[in-house]
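Per-entry structural report
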Amino acid sequence: MSAANLWEALSRAELDPEAPALGDLSRRVAVARVTELAGRLRAQGVRPAEVVGLQGPNQPEWVLGLLALTAVGACPLLLPADSPPAETRRLLRTAGARRTLVTDPGEADGAVLRAPDVGMDDGPVGAGITAAEADSGPAAHAPGTVILVSSGSTGTPKLVPRSPRSVLDEGVRYHHAGLARPDDRVLLPLPLSHAYALGWLAGALVAGAHVDPVPPRAVGAVHSRLRDRATVLVTVPGLARVLARRRALTDDAPFPALRRVMAGAGYVDAELDALWTRTLGVGVSRNYGSSETGSVLWGDPGLPSGAVGRPMPGVRVDLLNPDGTPLPGREAAQGELAVVLEDGSVHRLHDIADRDEHGVHRILGRARLGVVRRGARWVSTMEVESVLRAAPGVADVSVTATGPDDSDDQGLTVEYVPADAELAAPARLQAYARAELAAFKVPDSFQPRYRLRRSAVGKAQAAPAYRLARAARPGTTAEQVMAAALTELGLPPLLAQGGTAADLAGTAGLRADVLAPVLDTACALGLLVTDTATAGAPDAWVYSPDVVPVGRTLAARVRGEAAGDRPMPPAAPAGPPAAEKALRASVEALLAEAAVDGALLEIGDAGAPPAADAEYGACVVLGGVHGPAAQLGPLDALLKPKGLLVIADAFVPDPLVLTDDLSRTTAVRWLVDGHLHWWTTQELRAGLEAVGLRVEESRDAEQTPYAILVARKPS
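Bear in mind that the values here come from a model prediction, so they are computed numbers and not experimental data.

**Things to note about the packing of helix 14 (residues 477–488) against helix 18 (residues 548–559)**
- The interhelical angle for the contact between helix 14 and helix 18, taken along N-to-C directions, is 55°, at an axis separation of 7 Å. It follows that helix 14 is oblique to helix 18 by the angle criterion. Note that helix 14 runs across helix 18; the crossing there is right-handed. Contact residues: Val481, Met482, Ala484, Ala485 and Glu488 in helix 14; Val548, Val550, Gly551, Arg552, Leu554, Ala555 and Arg559 in helix 18.

**Structural notes on the side chain of arginine 355**
- Structurally, arginine 355 is set in strand 18 (residues 346–355).
- For the buried arginine 355, no salt bridge exists, and the shortest N-O distance to an oppositely charged side chain is 6.0 Å, to aspartate 318.
- Side-chain polar atoms of arginine 355 contact the backbone oxygen of glutamate 331, separated by 3.2 Å.
- Not counting the four nearest positions on each side in its chain, arginine 355 is found in contact with Leu319, Leu327, Pro328, Gly329, Arg330, Glu331, Ala332, Ala333, Val360 and His361.

**Describing the pairing of strand 9 (residues 185–188)**
- Neither face of strand 9 is exposed, since Arg185 and Leu187 on one face and Val186 and Leu188 on the opposite face are all buried.
- Here strand 9 pairs with strand 10 (residues 210–213) via four bridges, running parallel. Bridge pairing in strand 10 links leucine 188 to proline 213.
- With helix 7 (residues 195–207) bridging strand 9 and its parallel neighbour strand 10, the resulting β-α-β unit is right-handed.

**Comments concerning the nonpolar core**
- Counting 103 residues, the largest nonpolar core has Leu6, Leu41, Leu101, Leu188, Trp200 and Trp276 as the members making the most contacts within it.
- In terms of residues, this core owes the most to one element, helix 7, which gives eleven residues.
- Beyond its immediate stretch of four places on either side in the chain, leucine 188 contacts Asn58, Ala197, Trp200, Leu201, Val211, Asp212, Pro213, Val214 and Val234.
- Counting 47 residues, the second-largest nonpolar core is a separate cluster that includes Ala472, Leu504, Leu554 and Ala555.

**A closer look at the pattern of salt bridges**
- Applying the stated rule across the entire model yields 30 salt bridges.
- Taking the shortest distance from any N to any O, the salt bridge between glutamate 342 and arginine 173 comes out at 2.8 Å. Within this pair, whereas glutamate 342 is found in the loop between strand 17 (333–340) and strand 18, its partner arginine 173 is found in helix 6 (residues 164–176), the two being separated by 169 residues in sequence.
- Note on glutamate 342: relative accessible area 33%, which makes it partly exposed.
- Judged by its relative accessible area of 1%, arginine 173 falls in the buried class.
- Of the charged contacts, one joins arginine 453 and aspartate 520 as a salt bridge, the two residues approaching to 2.6 Å between their closest N and O atoms. Taken together, the positions of arginine 453 in the loop between strand 24 (445–448) and strand 25 (467–468) and aspartate 520 in helix 17 (residues 512–524) put the pair 67 residues apart, joining distant regions of the chain.

**A closer look at the sheet that holds strand 31 (residues 706–712)**
- One open sheet holds the five strands; their spatial order is 27-28-29-31-30, and the pairing between them is mixed. Each having just a single partner strand, strand 27 (600–603) and strand 30 (694–700) make up the two edges of the open sheet. Neighbouring strand axes in the sheet, compared pairwise and without regard to direction, differ in orientation by 15° on average.
- Bridge count for strand 28 (residues 616–622) against strand 29 (residues 639–650) is six bridges, and the pairing is parallel.

**Description of the side chain of threonine 521**
- In this structure, threonine 521 sits in helix 17.
- Note on threonine 521: relative accessible area 0%, which makes it buried.
- Residues in contact with threonine 521, not counting those within four places in the same chain, are Met482, Pro655, Ala667, Val668, Leu671 and Trp678.

**Looking at helix 6**
- Between its terminal C-alpha atoms helix 6 stretches 18 Å, which fits the 18 Å expected from 13 residues at 1.5 Å a residue.
- Judged by how many residues are buried, helix 6 sits mostly within the fold: ten of 13 residues are covered.
- For helix 6, the full list of buried residues reads Pro164, Ser166, Val167, Leu168, Asp169, Glu170, Gly171, Val172, Arg173 and Tyr174.
- Elements in contact with the buried residues of helix 6: helix 1 (6–10), strand 7 (146–150), strand 8 (158–162), helix 7, strand 13 (284–290) and strand 14 (294–299).
- Directly beyond the C-terminal end of helix 6, a positive phi value near 80° is found at glycine 178.

**Considering unusual backbone geometry**
- The linkage connecting alanine 253 with the following residue, proline 254, adopts the cis geometry, with an omega of 0°.
- Of note in this structure, alanine 265 is not a glycine but carries a positive phi near 60°.
- Among the secondary structure elements, alanine 265 is positioned in the loop between strand 12 (260–263) and helix 11 (270–280).
- Notably, lysine 642 is not glycine yet its phi reads approximately 70°, a positive angle.
- Secondary-structure assignment places lysine 642 in strand 29.

**Quick notes on the environment of threonine 413**
- As for its placement among the helices and strands, threonine 413 is situated in strand 23 (residues 411–418).
- When residues no more than four places from it in sequence are discounted, the contact partners of threonine 413 are Ser398, Val399, Thr400, Thr402, Ser445 and Gln447.

**Remarks on the packing of aromatic side chains**
- Inspection of the entire model under this criterion finds one aromatic pair.
- Their ring planes at 45° and their centres at 4.5 Å tell us that tyrosine 174 and tryptophan 200 sit as a pair that is tilted. Highlighted residues: tyrosine 174 in helix 6 and tryptophan 200 in helix 7, separated in sequence by 26 residues.
- A relative accessible area of 0% places tryptophan 200 in the buried class.

**Remarks on the packing of helix 2 (residues 27–43) against helix 3 (residues 60–71)**
- At a minimum axis separation of 8 Å, helix 2 and helix 3 run at an interaxial angle of 55°. Judged by the angle between their axes, helix 2 and helix 3 are oblique. The crossing of helix 2 and helix 3 is right-handed. Contacts between helix 2 and helix 3 involve Ala30, Arg33, Val34, Leu37, Ala38, Leu41 and Arg42 on the former and, on the latter, Glu61, Leu64, Gly65, Leu67, Ala68, Leu69 and Ala71.
- Residues that form the contact of helix 2 with helix 3 fall into these classes: ten nonpolar, one polar and three charged.

**Observations regarding the sheet that holds strand 23**
- Strand order in this open sheet of three strands is 22-23-24, and the pairing throughout is mixed. Strand pairing shows two members of the sheet lacking a second neighbour, strand 22 (394–402) and strand 24, which therefore form its edges. With direction set aside, neighbouring strand axes in the sheet form an average angle of 25°.
- Looking at chain direction, strand 23 and strand 24 are connected through four bridges and run parallel. Looking across to strand 24, one finds that tyrosine 416 is bridged to proline 448.
- On the sheet, helix 12 (residues 381–388) packs against strand 22, strand 23 and strand 24 and is oriented at approximately 155° with respect to strand 22.

**Focus on helix 14**
- Taking 1.5 Å per residue as the helical rise, helix 14 with its twelve residues ought to reach 16 Å, and the 16 Å between its terminal C-alpha atoms agrees with that figure.
- Within helix 14, nine of the twelve residues are buried, which leaves it mostly tucked inside the rest of the structure.
- What helix 14 keeps buried is the set Ala478, Glu479, Gln480, Val481, Met482, Ala483, Ala484, Ala485 and Leu486.
- Buried-residue contacts for helix 14 involve helix 15 (492–497), helix 17, strand 26 (528–529), helix 18 and helix 21 (661–672).

**A short note on the pairing of strand 11 (residues 232–235)**
- What you see with strand 11 is no split at all: Val232 and Val234 on one side and Leu233 and Thr235 on the other are buried throughout.
- With two bridges connecting them, strand 9 and strand 11 associate as parallel partners. Bridge assignment links valine 186 to a residue of strand 11, and that residue is valine 232.
- Two strands pair when backbone bridges link them, and strand 11 and strand 12 are joined in this way by four bridges, in the parallel orientation. The residue of strand 12 that forms the bridge with leucine 233 is valine 261.

Reading the values: rules and limits
Residues numbered from 1 in each chain as written. Predicted model: local features only at pLDDT ≥ 70, side-chain atom pairs only at ≥ 80, totals over all residues. Heavy atoms only, no water. Axes fitted to C-alpha atoms, helices over the stretch in contact; angles between N-to-C directions. Helix = DSSP H or I, 4+ residues; strand = E, 2+ residues; numbered from the N terminus. Parallel < 35°, antiparallel > 145°, perpendicular 65-115°, else oblique. Left-handed = near helix turned anticlockwise from the far one by under 90°. Contact = heavy atoms within 4.5 Å. Buried < 20%, exposed > 50% of the residue type's maximum accessible area, 1.4 Å probe, protein only. Lys, Arg positive; Asp, Glu negative; His and termini not counted. Salt bridge = Lys/Arg side-chain N within 4 Å of Asp/Glu carboxyl O. Polar contact = N/O pair within 3.5 Å; in protein donor to acceptor, adjacent residues only side chain to side chain. Pairing = 2+ DSSP bridges. Right-handed = clockwise from strand over helix to strand, strands pointing away. Core = buried A, V, L, I, M, F, W, Y, C linked by side-chain atoms within 4.5 Å. Expected span 1.5 Å × (residues − 1). Phe/Tyr/Trp six-rings, centres within 6.5 Å; stacked < 30°, edge-to-face > 60°. Nonpolar A, V, L, I, M, F, W, Y, C, P; charged D, E, K, R; others polar.

Laid out in structure tokens, this is it:
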């Protein structure tokens, strides 16, 4: 096309200026907003080829910021919105960026150019940048180059530059394939900083379509846009599963304007395709590519599990022999994927795929990582994950290879999150694998974990290495209790060197699944870090003798020992006086509105569920979902078909980002009480669905940190 970059694609003269273009903005207004912002950036000294960070929530303002930086010839560094400050500083240093354009719909101007302290003048080798990078300096880029942050195959962030032509070429692929049309309204509930979202954004702009970015997992916003006649929904497999089970979406289905649901950046199985077809009337299309190349394969609904279809227009896809030579292109084969792009560049994608006689490609996994050789057979870890995710009581799962990369008989290890420790006991999960998989695909080891770390688009991330924080000083009672417990376990000398939960547990003779939540909470309290730039060897922790008995109790829990007389854990800061009373009133009002057929059971914080053979029309759980192991299965067994489950509890956010004294003290209190497994609201949703319940609603209560989840047992 004639445009040279995304900005020119949006502002083409032949497009209707009054047509909707970006969120609620017409094309005329969007062009004026970009022009005004670009003028301000020039006035603030932003010059062509300067690398400028771009960070903000998934809103039209983010897209305006990207286009404005493109218009002035700057090189936008697309920073993930959820990156913690330390990671953001590392990425800015590595890219050589001194300023960040922060987009915020609440700001009068929509975006603010900031110059955060990224340590560019701290010496030739700053934290998070290698000596080689410091000597050579950041790579120079052509004006308008978009710099993506990719997790890479190792989980370590890396920077991937994409030229303006490369980004436009990907957009043309989407348009020529008929995936993005001029009359489309493309709904993007994806992290806009991700390569997958950038490709679809380019496709919509090239086609002259209306693009509508909304926050990831903003299910209410997705619902309202589908009712407002969005035509294309772009998602990832994990979010697609959540959406297809939401009552509001399924009750309002079918959505007459919705013509395509596209899931990329993950493994799409036939079950997910069937779920969407059954509940919303539109199957799931597939998308595959890389940060370096953009999307290169796509397929319509109805493909087998793991299949991603045929090449997109303008690219050639080859399968390579182990020696790197292409296999014949018109017959079924298996090999490493390589693509030739519009500009003639060749990219080996390091994924193993097979191609059937119709030219449809199926991704088996990463070469030397996701595809494991066991004897004379190849095993796809993604296939094994897809099968085990359907096992009773499994909320999340990750399968990895063990042993040398060049071994002809590698092992397979499963790490998984149990929604119920009995339903998903390792022996039961192994038996399920043996029943569902060929013998050579059955993993060797099944390790329960309290959570798996995943990126915003659902990719598994490497386990973090924990280290002592520099100059940590236990202050609050919760911090002192944690310091006493870690000291009792003998961990400070090991933490001075650093290690993953599995490494530290192995050295100290502990269980990794029990130790991990304690280490995460210690990070949230500021005693430990997972960022090497702020790690150090602080002075010995100082804490009050009064907290030592409580710390010893927590240490005993981690060791799996009887704790003896339980001392009082630190008390949580007092919340609003009427908080619990108001929470109960909210639950009672909810029950009054719902149709409850049968007896009502209430379970309190310390109560145990009755025998599983009892059947109730409704069950209310007040503060009782925490325990030393996940136990959600009995809740499903208590209910009649169509029975209602209401869980009202105090929840903490992710343990690495506890932000207030109430949530910090609550987390430590749960640990001391033996509650070594707790749920965030998102994890509880996944856990309830894993034991067979369907979550209908999740709402934050007026009294923080309480929340209410409503689920129903299917008929």
